[in-house]
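# Fold and contact review
One letter stands for each residue in the lines below.
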Amino acid sequence: MDKDIPAGLTLTAEESLWFSRASSEKRLRHPYKITPHYASLLTDEADDPLRRQVIPTIKELEALDSETLDPLFEKQYEAAPRLIHRYRDRALLLVTDRCALYCRHCFRRYFTQDRGADLGREELQRVVEYIREHGEIHEILLSGGDPLTLPDERLLEIIRALRSERQDLVIRLCTRIPVVLPDRITTALARGLGEKRPLFIITQFNHPRELTPASGRAIEGLQKEGLVILNQTVLLKGINDSIEVLGSLFQRLLESGIKPYYLFQGDLAPGTGHFRVSLDRGRALVKGLRRQISGLAMPVYAVDLPGGGGKVPLTENYETGTDDDWHYFKGQDGLEYRYPKEHRLDR
Ligand SMILES: *Cc1c(COP(=O)(O)O)cnc(C)c1O
Ligand code: SF4
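For the structure given in this document, a descriptive report is provided here. Bear in mind that the values here come from a model prediction, so they are computed numbers and not experimental data.

## Looking at the pattern of salt bridges
Counting across every chain of the model gives 25 salt bridges. Between Arg209 and Asp48 there is a salt bridge, and its shortest N-O distance comes to 2.7 Å. Residue Arg209 is located in the loop between β6 (199-203) and α9 (213-224), and its partner Asp48 is located in the loop between α2 (36-39) and α3 (51-54); the two are separated by 161 residues in the primary sequence. Asp48 sits in the buried class, given a relative accessible area of 3%. In this structure, Asp118 engages Arg98 in a salt bridge whose closest nitrogen and oxygen atoms are separated by 3.0 Å. Of this pair, Asp118 sits in the loop between α4 (109-114) and α5 (121-133) while Arg98 sits in the loop between β3 (90-94) and α4, and the two are 20 residues apart along the sequence. Look at Arg98 and you get partly exposed, because its relative accessible area is 35%. A single network of salt bridges, built from pairs that share partners, joins Glu15, Asp44, Arg51 and Arg52.

Written as C-alpha cells, this is what we have:
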C-alpha cells in the first residue's frame, strides 16, 4: 500500500502503524485510496486539515463502545436492495460502494467495505418496482459510495429507470467528486445531468482549501447546465472546528454559488472518535458563526440520531419562556422581546 503515498509526504509514526497493520486487522479495513488531485493539495504537516481527511492513522483502531458499523441502522430501513426508506417522502439509493478517495471520517463503512461494487440490473429492477408501488416517495437520493464513480451512461441509465414510471421524481446526487476528482466533471457529464433536472447536486467540501480552481471549474460546468448545487460539511475536530475555518468555507461556497445545506455532527462509526467534537462545542461554533455570516451562507447544524432516529436539527433556541399570552425571546442584541401566542381578531 505504501506505494500510493503521495510523494513529498513523510509518514508519521501514527500513520505508518496503520499501513503496517491494515492488512491483518479486519476492523481497519476502511480502504485507503487517494486521487492525484487531492494528493497535490496536501502538505507535509502532520496536522494538515486535508491530510487528516485522507491519510489514515492508528487512531482508527480505537473503536468506542458507543460506535457501531451501521450507526444509523440503515440496514433496518432497507426496503428494497440498497434502498434506504426512512422518511416517508424520500429514499436513499446506494448505487455503488466505490469512492474516488476514501474519507477517513466516512460513516458508511459497512457499505464501502463489504458489498459487491455497483448496483446490479436485477437490484435496480426491484428498486424501480418499489418506487412504483410507493407513490408517497417524491425524491430519490443517489449516494454510496460515490455515484460519480459510475460510467456516465450507467448513471444516466439508472436515473432514466427510476423515472420510467415516475417522471416527477426529484433526484438528489450526493458526491465528493467535485472536491477530490474535479476533472471527472466533463462537459458531456454535466450536460447529461443537466438534462435530468429536477436534479440537485450535493457536494462535501469540508475545508476552504478544497475550493481550488479545478473544483471551481467543475462546479461552474454543472451550474452552466442549470444544476443547483448544495453542500454538506462534516464537522471535524482539528480540521474545520473553528469559526474562522467554517466561516471562510461557507462564505466562499456561497461566492461559488453553492448553498451550504447541512453541517453534520459526526456519526458514531467505529474508529472515527478522534474526529468528533461535543454537541456543546458544535452549538457554540454555530452560534458564533450566526453572528458573522449571512443566513444564506448558514447551513443547518444537524445530527443523524444513532439507532435510526433520523436527522434532527440542533437549532439554537432564542425563546426564554412563555405565559398565557406571549412567547418571550432574547433578540440578537441580547435584549428581551415578545410575540403573541394567538391572533384572534375578536378580542
Ligand atoms: C439524510 C437522509 C435523507 C435526506 O434528508 P433531508 O433532511 O431531506 O436532507 C433521506 N433519507 C435518508 C435515509 C437519509 O439519511
Ligand atoms: S466520498 Fe462519501 S461515501 Fe466515500 S468515503 Fe467519503 S464520505 Fe464515505
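## Considering unusual backbone geometry
Across the junction of Gly144 and Gly145, the peptide omega takes the value 15°, indicating a cis bond. Residue position: Gly145 is located in the loop between β4 (139-143) and α6 (152-163). Following Arg197, the chain continues to Pro198 via a peptide bond in cis, the omega torsion being 5°. Secondary-structure assignment places Pro198 in the loop between α8 (187-194) and β6.

## Re the packing of α5 against α6
Where α5 contacts α6, the axes come no closer than 9 Å and their chain directions differ by 30°. Comparing their axes, α6 and α5 come out roughly parallel. At the point where α5 passes α6, the crossing takes the right-handed sense. Contact with α5, carried on its side by Arg121, Leu124, Val127, Val128 and Ile131, involves Arg154, Glu157, Ile158, Ala161 and Leu162 of α6 and no other residues of that element. Broken down by class, the residue content of the contact of α5 with α6 amounts to seven nonpolar, no polar and three charged.

## Here's the deal with the nonpolar core
The biggest cluster of nonpolar side chains holds 76 residues, and the ones touching the most others in it are Tyr38, Leu93, Ile140, Leu142, Leu162, Leu193 and Phe250. Other than its neighbours up to four places away in sequence, Phe250 contacts Thr233, Pro260, Leu263, Leu289, Ile293, Ala297 and Pro299. Listed in part, the seven residues of the second largest apolar core include Leu92, Leu141, Cys174 and Ile202.

## Some points on the site of ligand 2
Around ligand 2 sit Cys99, Leu101, Tyr102, Cys103, Cys106, Gly145, Arg176 and Gln204, and those are all the residues in its vicinity. Looking at side-chain class alone, the shell around ligand 2 contains five nonpolar, two polar and one charged residues.

## Details of the site of ligand 1
With respect to spatial proximity, the complete set of residues near ligand 1 consists of Ile84, Arg86, Tyr87, Arg90, Leu92, Leu141, Arg172, Tyr261, Tyr262, Asp304 and Lys311. In this structure, an oxygen atom belonging to ligand 1 sits 3.1 Å away from a side-chain N or O atom of Arg86. At 2.6 Å, a side-chain N or O of Tyr262 approaches an oxygen atom of ligand 1. Starting from 380 Å² of accessible surface for ligand 1 in isolation, the protein chains cover 91%. Among the elements of the structure, β2 (83-87), β3 and β8 (259-264) are those that each provide at least two residues to the shell around ligand 1. A total of three residues in the shell around ligand 1 trace back to one element, the largest contributor, which is β2. When the residues that make up the shell around ligand 1 are grouped by side-chain class, the tally is six nonpolar, no polar and five charged.

Rules used throughout
Residues numbered from 1 in each chain as written. Chains lettered and ligands numbered in written order. Predicted model: local features only at pLDDT ≥ 70, side-chain atom pairs only at ≥ 80, totals over all residues. Heavy atoms only, no water. Salt bridge = Lys/Arg side-chain N within 4 Å of Asp/Glu carboxyl O. Helix = DSSP H or I, 4+ residues; strand = E, 2+ residues; numbered from the N terminus. Buried < 20%, exposed > 50% of the residue type's maximum accessible area, 1.4 Å probe, protein only. Axes fitted to C-alpha atoms, helices over the stretch in contact; angles between N-to-C directions. Parallel < 35°, antiparallel > 145°, perpendicular 65-115°, else oblique. Left-handed = near helix turned anticlockwise from the far one by under 90°. Contact = heavy atoms within 4.5 Å. Nonpolar A, V, L, I, M, F, W, Y, C, P; charged D, E, K, R; others polar. Core = buried A, V, L, I, M, F, W, Y, C linked by side-chain atoms within 4.5 Å. Near = heavy atom within 4 Å. Polar contact = N/O pair within 3.5 Å; in protein donor to acceptor, adjacent residues only side chain to side chain. Areas by Shrake-Rupley, 256 points an atom, 1.4 Å probe, with all protein chains shown as cover.

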